[in-house]
Structure formats: structure tokens, C-alpha cells
Amino acid sequence: MSKQSDFLSRIRKGALQFGIDLNDIQLEQFRIYMVEMLSWNERINLTTITEENEIAIKHFVDSISLFSVIGNQDLRVLDIGTGAGFPGIPLKIGRSTMKLTLMDSIRKKTDFLIHLRSVLGIEYDVLCMRAEDGARDPMLREAFDLVVSRAVAKMPVLAEYCLPYVAIGGQFVAMKAESVEEEVLEAKKAIRILGGADPVIHKIKLQEIDAVRSLVVIKKTGHTSEKYPRRAGLPEKKPLL
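Keep in mind that what you see is a predicted model, and the values were worked out from it rather than measured. (Residues numbered from 1 in each chain as written. Predicted model: local features only at pLDDT ≥ 70, side-chain atom pairs only at ≥ 80, totals over all residues. Heavy atoms only, no water.)

Peer 1: Tell me what's going on with the sheet that holds strand β2 (residues 99–104), and back it up with residues and numbers.
Peer 2: In space, the seven strands of this open sheet follow the order β3-β2-β1-β4-β5-β7-β6, with mixed pairing throughout. Pairing within the sheet leaves two strands with one partner each, and these edge strands are β3 (125–128) and β6 (200–206). Strand-to-strand twist across the sheet, computed as the mean angle between neighbouring axes with direction ignored, equals 20°. The pairing of strand β1 (residues 76–80) with strand β4 (residues 144–150) spans three bridges and is parallel. (Pairing = 2+ DSSP bridges. Helix = DSSP H or I, 4+ residues; strand = E, 2+ residues; numbered from the N terminus. Axes fitted to C-alpha atoms, helices over the stretch in contact; angles between N-to-C directions.)

Peer 1: Give a description of the packing of helix α2 (residues 24–41) against helix α3 (residues 52–64) that names residues and reports values.
Peer 2: In contact at an axis separation of 11 Å, α2 and α3 are set at 115° when each is read in the N-to-C sense. For the pair α2 and α3, the sense of crossing is right-handed. Between α2 and α3, the residues in contact are F30, Y33, M34, M37 and L38 and E52, I55, H59, F60 and I64, respectively. Tallied by class, the residues present in the contact of α2 with α3 amount to eight nonpolar, one polar and one charged. (Left-handed = near helix turned anticlockwise from the far one by under 90°. Contact = heavy atoms within 4.5 Å. Nonpolar A, V, L, I, M, F, W, Y, C, P; charged D, E, K, R; others polar.)

Peer 1: Explain the environment of N45 to me, using residue names and the numbers behind them.
Peer 2: Mapping N45 onto the fold places it in the loop between α2 and α3. Sequence separation between N45 and I106 is 61 residues, and the spatial gap between their C-alpha atoms is 11 Å.

Peer 1: Quick one: what's the story with the pattern of salt bridges, residue by residue and with numbers?
Peer 2: Counted according to the given criterion, the structure contains 17 salt bridges. For D6, the salt bridge identified is with R10, shortest N-O distance 3.4 Å. Note that D6 and R10 are positioned in helix α1 (residues 3–17) at a spacing of four residues, about one turn of the helix. (Salt bridge = Lys/Arg side-chain N within 4 Å of Asp/Glu carboxyl O.)

Peer 1: A description of the pairing of strand β7 (residues 211–219) should follow, citing residues and the corresponding values.
Peer 2: For a regular strand, side-chain orientation follows a simple rule: the groups alternate between the two sheet faces. Where strand β5 (residues 166–177) meets β7, seven bridges bridge the pair, whose relative direction is antiparallel. In the sheet register, A174 faces β7, and the bridge partner there is V216. In terms of strand pairing, β6 meets β7 through seven bridges, oriented antiparallel. Residue pairing for β7: H202 is matched across the bridge by L215.

Peer 1: Please provide a residue-by-residue account of the side chain of H59, values included.
Peer 2: Here H59 lies in helix α3. Under the relative-accessibility criterion, H59 is labelled buried at 7%. For H59, the side chain forms a polar contact with the side chain of T47, separated by 2.8 Å. A polar contact of 3.4 Å, which involves the side chain of H59, links it to the side chain of R150. With near-sequence residues (within four places) excluded, H59 lies in contact with M37, T47, I49, E54, F86 and R150. (Buried < 20%, exposed > 50% of the residue type's maximum accessible area, 1.4 Å probe, protein only. Polar contact = N/O pair within 3.5 Å; in protein donor to acceptor, adjacent residues only side chain to side chain.)

Peer 1: So, the environment of V69: which residues are in play, and what are the values?
Peer 2: Tracing the backbone shows V69 in helix α4 (residues 67–70). By relative accessible area, which is 16% here, V69 ends up buried. When the C-alpha atoms of V69 and V217 are compared, they prove to be 8.0 Å apart, with 148 residues separating the residues in sequence. Leaving out residues up to four positions away in the same chain, V69 has contacts with Q171, V173, H202, L215 and V217.

Peer 1: Help me get a handle on the environment of E132, residues and values and all.
Peer 2: Position of E132 relative to the elements: it lies in helix α7 (residues 131–134). Classification of E132 as buried rests on a relative accessible area of 4%. For the pair E132 and A232, spaced 100 residues apart in sequence, the C-alpha separation works out to 5.4 Å. Those residues in contact with E132, other than ones at most four positions away along the chain, are Y161, P229, R230, R231, A232, G233 and P235. At 3.0 Å, the side chain of E132 and the backbone nitrogen of G233 are in polar contact.

See the structure below:
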């Protein structure tokens, strides 16, 4: 098996673990994604993971694992602090009918996402802004069925970034490492203040690397007060503990 065939095989096998059967067109999109990311990574910092098979599992399949908790319906999805497009773009490749918005505060990264959109031939919106600022836009506030974030901040801070964007009845899912219980416990007050229900932690095993991830799922049950999120930088300096 060639190196490239092995890369695609890992993605296909990993996606099947979470109920997603990728066709050849989708697999080719993942190949292009990897090539473009590594090319841009020589100029801007997009990823520290540069070995192809590690990209397949630790970026692509890890992102796809979200399908285990978000169901099959078409959703309005916001990915906050998306960086090189994780988990949002792998979700969009896996289910083209979702309406995806990617948000990051670093212009070079959003430039990459705009470029990638054209070479992959898929549709999504790209916003270059801080999460604290975007939530003041009435077109974005409580406008999404699903808000996701991967490796951005501690849970109390992340809740303040993300929950203001979630529509009532929707959910926020934080992608975390295996040991997340203490962090979630610290965030319970913030989650309650921001209109979220008690978090539910789902453990996900990535079989190819024998690793466990945590998906922290929080349903939005009440409106978020206009006081939140606080001005840029304050959630991180003074978390709602």
C-alpha cells in the first residue's frame, strides 16, 4: 500500500467508526486539504502535526468524531477558534448540507481558510474576529444550532466565548483531552449563568492511535444575558468561576 493510500485508508476507516462512509470525492478533498495545509504551514503556523498519518487521525478523524454526538440533522454550525479549520471543515466534508461558519481572530489563518474553500469547492463562511466581539452582532448571537471548539481555552472561558452564539435548544460541544472532569466542574457556574444545562461528557476512543478524547456537550436551555460575553480579554483574565 502506498503512503497516500494508507493516509486515505486511515481516514475512511476512522470515519466509519463514527458512522460516516466517505466516498472517493470526499477522500480526495481530505487529500487536498492535507496538501494545502502543509504547504501553507511552511509560511504560517497552522499545525505542529506534519506527518500524514498523524494528520489523518489527530486532525481529520478526531474532528469527524463529533458526528457521534451531533446526530444526522442538517445544522447551522459555528466553529470558534478554528485555526486551520478543525473541526469545522472535516464536518462539512462529511456532511455537505450543513451550513458552516468558521471564526478565528488571526488574519493569516482566515486567509488560508478562504483559499481552502476555493480549492476544495465547498461553501462555508469565514469570519476574522474575536469571539467576544462577534457575539455582539445580532445576526450571530444565538443564531446557531451547534457551536464547536477544539483546544482553544479552559472550559469556564470557553463557555463564555461559545454559549452566547447557541440558539435555545441547540448545543455547544467542546473537544477536550481525556481528563476533563475537573475543568468541567470548574465551569458549572459559568455554564449556568450563560444559559447552559449541566454538561455531559462523552468519551471517544480513536482506535488507530489508542487515544481517548472527551466531547463535552452542553445544551442551551435559556437566553444568555446581554452582559456576556464581557469585553475582549476579560473572560480569560477573570473567568466566571
